[in-house]
Amino acid sequence: MEYFDFHHHNRATEKGIYNLSFPELPREGLFSAGIHPQEISSGNESRWKWLHEVSQHPNCVAIGECGLDGRVPDEKVQSEAFSRQTELANDLCKPMIIHCVRRFSHLIPFRKKVRVPMVVHGFSKKQSVAEELRKHDFYLSFGKSVLQNVNLQRLVKDFPTEKMFLETDADEGGIEELYRLVSSVKGISEEALIHQIEKNLQAIMPR
Ligand SMILES: [Zn+2]
């Protein structure tokens, strides 16, 4: 059985989407590339040049992580940078991996302009936020906070399996434990969960 890690920063992970970070070069496995809101400052042309180059690579299967972060002071610059990356994703027909902190109400309006699938990664907020995102056709990717957070486990239980992914993000450990827990709260087998997540992946992949 192979567990797919939707968003990770660990070069040793074999099956998943590695988050390439500036100024890394394309690699053998699947990767995503974007400019994280915390890395944005105006006039940072070398990062944009890098992103435009690596995002063309066939192994680059998603744009991101990128998004909106309420902790970053310059919201205007941040929002422009995000907008620019949504255009890139539209042009390349590649899905987006979204980082969003306290800015979900700003994120949702982007859904109308973006023609590719959008996946909010590391989701750990309330049920009402998840429902709102779901209604607007976002996918959610859940990380290891599910292991400790009972409310999040309840949310995952009811959240449609066809719209979810699982990830380790910056955690160095494996993802098996997360698959085990999520399959048990959902009352399905691990095989069924792995299979469904593979189908979800095929549904969003660029073609
Ligand atoms: Zn990450």
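The rules behind these values
Residues numbered from 1 in each chain as written. Predicted model: local features only at pLDDT ≥ 70, side-chain atom pairs only at ≥ 80, totals over all residues. Heavy atoms only, no water. Donors = N, O, S within 2.8 Å, 3.2 Å for Na, K, Ca; no water. Tetrahedral: all angles 85-135°; square planar, octahedral: opposite > 155°, others 65-115°. Helix = DSSP H or I, 4+ residues; strand = E, 2+ residues; numbered from the N terminus. Contact = heavy atoms within 4.5 Å. Axes fitted to C-alpha atoms, helices over the stretch in contact; angles between N-to-C directions. Parallel < 35°, antiparallel > 145°, perpendicular 65-115°, else oblique. Left-handed = near helix turned anticlockwise from the far one by under 90°. Nonpolar A, V, L, I, M, F, W, Y, C, P; charged D, E, K, R; others polar. Expected span 1.5 Å × (residues − 1). Buried < 20%, exposed > 50% of the residue type's maximum accessible area, 1.4 Å probe, protein only. Polar contact = N/O pair within 3.5 Å; in protein donor to acceptor, adjacent residues only side chain to side chain. Core = buried A, V, L, I, M, F, W, Y, C linked by side-chain atoms within 4.5 Å. UniProt positions renumbered as here; feature names shortened; annotations may be inferred. 1 Å grid on protein atoms, 1.4 Å probe; cavity = no way out; pocket = protein on both sides within 12 Å on 5 of 7 lines; lining within 4 Å.

## With respect to the coordination of the zinc ion
Turning to step 1, where the next piece is worked out: Donor atoms from the polypeptide that bind the zinc ion are His-7 (NE2), His-9 (NE2), Glu-65 (OE) and Asp-169 (OD), placed at 2.1 to 2.2 Å.
Turning to step 2, where the next piece is worked out: Bound by four donor atoms, the zinc ion shows angles of 89 to 169° at the metal and therefore irregular coordination geometry.
Turning to step 3, where the next piece is worked out: Mapped onto the sequence, the donors of the zinc ion take the spacing H-x1-H-x55-E-x103-D. Residue His-7 is located in strand β1 (residues 5-8), and its partner Glu-65 is located in strand β4 (residues 60-69); the two are separated by 58 residues in the primary sequence.

## Notes on the side chain of Asn-90
Turning to step 1, where the next piece is worked out: Note on placement: Asn-90 falls in helix α2 (residues 75-92).
Turning to step 2, where the next piece is worked out: When residues no more than four places from it in sequence are discounted, the contact partners of Asn-90 are Lys-113, Val-114, Arg-115 and Val-116.

## Thoughts on the packing of helix α1 (residues 45-54) against α2
Turning to step 1, where the next piece is worked out: For the pair α1 and α2, the least separation of the axes is 12 Å and the interaxial angle reads 20°. Considering their axes alone, α1 and α2 lie roughly parallel with respect to each other. Considering the relative orientation of α1 and α2, their crossing is right-handed. Contacts from Glu-45, Trp-48, Leu-51 and His-52 in α1 reach Ala-81, Arg-84, Gln-85 and Leu-88 in α2.
Turning to step 2, where the next piece is worked out: Classifying every residue of the contact of α1 with α2 by side-chain character gives four nonpolar, two polar and two charged.

## Describing α2
Turning to step 1, where the next piece is worked out: Taking 1.5 Å of rise per residue, 18 residues should cover 26 Å, and α2 covers 26 Å from first to last C-alpha, within 8% of that figure.
Turning to step 2, where the next piece is worked out: Those residues of α2 not exposed but buried are Gln-78, Ala-81, Phe-82, Ser-83, Gln-85, Thr-86, Leu-88, Ala-89 and Asn-90.
Turning to step 3, where the next piece is worked out: On its buried face, α2 is in contact with α1, β4, β5 (96-101), α3 (104-107) and β6 (118-120).
Turning to step 4, where the next piece is worked out: At the N-terminal end of α2, a side-chain oxygen is found 3.3 Å from the backbone nitrogen of Lys-76, two or three residues along, and the residue is Asp-74.
Turning to step 5, where the next piece is worked out: Downstream of α2 by one or two residues, Cys-93 has phi in the positive range, about 55°.

## Notes on unusual backbone geometry
Turning to step 1, where the next piece is worked out: Omega for the peptide link from Phe-22 to Pro-23 comes to 0°, which places this bond in the cis form.
Turning to step 2, where the next piece is worked out: Secondary-structure assignment places Pro-23 in the loop between β2 (16-20) and β3 (31-33).
Turning to step 3, where the next piece is worked out: Cis peptide bonds are those with omega within 30 degrees of zero, and the linkage from Gly-64 to Glu-65 qualifies with 5°.
Turning to step 4, where the next piece is worked out: You will see that Arg-102, though not glycine, has its phi angle at about 55°, which is positive.
Turning to step 5, where the next piece is worked out: Considering the arrangement of structural elements, one finds Arg-102 in the loop between β5 and α3.
Turning to step 6, where the next piece is worked out: Positioned with a positive phi, Asp-137 is a non-glycine residue whose angle comes to about 65°.
Turning to step 7, where the next piece is worked out: Within the fold, Asp-137 resides in the loop between α4 (127-135) and β7 (139-142).
Turning to step 8, where the next piece is worked out: Here Asp-137 falls in the partly exposed class, since its relative accessible area comes to 41%.

## Digging into the nonpolar core
Turning to step 1, where the next piece is worked out: Within the largest apolar cluster, 63 residues are counted, with the highest numbers of intra-cluster contacts made by Leu-107, Phe-123, Leu-133 and Phe-142.
Turning to step 2, where the next piece is worked out: It is β4 that contributes the most residues to this core, six residues altogether.
Turning to step 3, where the next piece is worked out: Residues contacting Leu-107, with those up to four places away along its chain left out, are Leu-68, Phe-82, Ile-98, Cys-100, Met-118, Val-120, Leu-133 and Phe-138.

## Observations concerning the UniProt feature "binding site: a divalent metal cation 2" (unreviewed entry) in the protein chain
Turning to step 1, where the next piece is worked out: Listed under "binding site: a divalent metal cation 2" (unreviewed entry) in the UniProt record, and renumbered for this structure, are His-99 and His-121. These annotated residues cover 23 residues of sequence, and their C-alpha atoms lie no more than 6.0 Å from one another, placing them together at a single site. Taking the annotated residues in turn, His-99 and His-121 line the largest pocket.
Turning to step 2, where the next piece is worked out: Following the sequence through the fold, His-99 ends up in strand β5.
Turning to step 3, where the next piece is worked out: Accessibility expressed as a relative area gives 10% for His-99, which makes it buried.
Turning to step 4, where the next piece is worked out: In contact with His-99, other than residues within four places in its own chain, are His-36, Pro-37, Glu-65, Cys-66, Gly-67, Leu-68, Asp-69, Arg-71 and His-121.
Turning to step 5, where the next piece is worked out: Here His-121 shows up in the loop between β6 and α4.
Turning to step 6, where the next piece is worked out: When near neighbours in sequence (up to four residues on either side) are disregarded, His-121 contacts His-7, Glu-65, Ile-97, Ile-98, His-99, Ser-141, Glu-167 and Asp-169.
Turning to step 7, where the next piece is worked out: In terms of polar contacts, His-121 uses its side chain to reach the side chain of Glu-65, at 3.0 Å.

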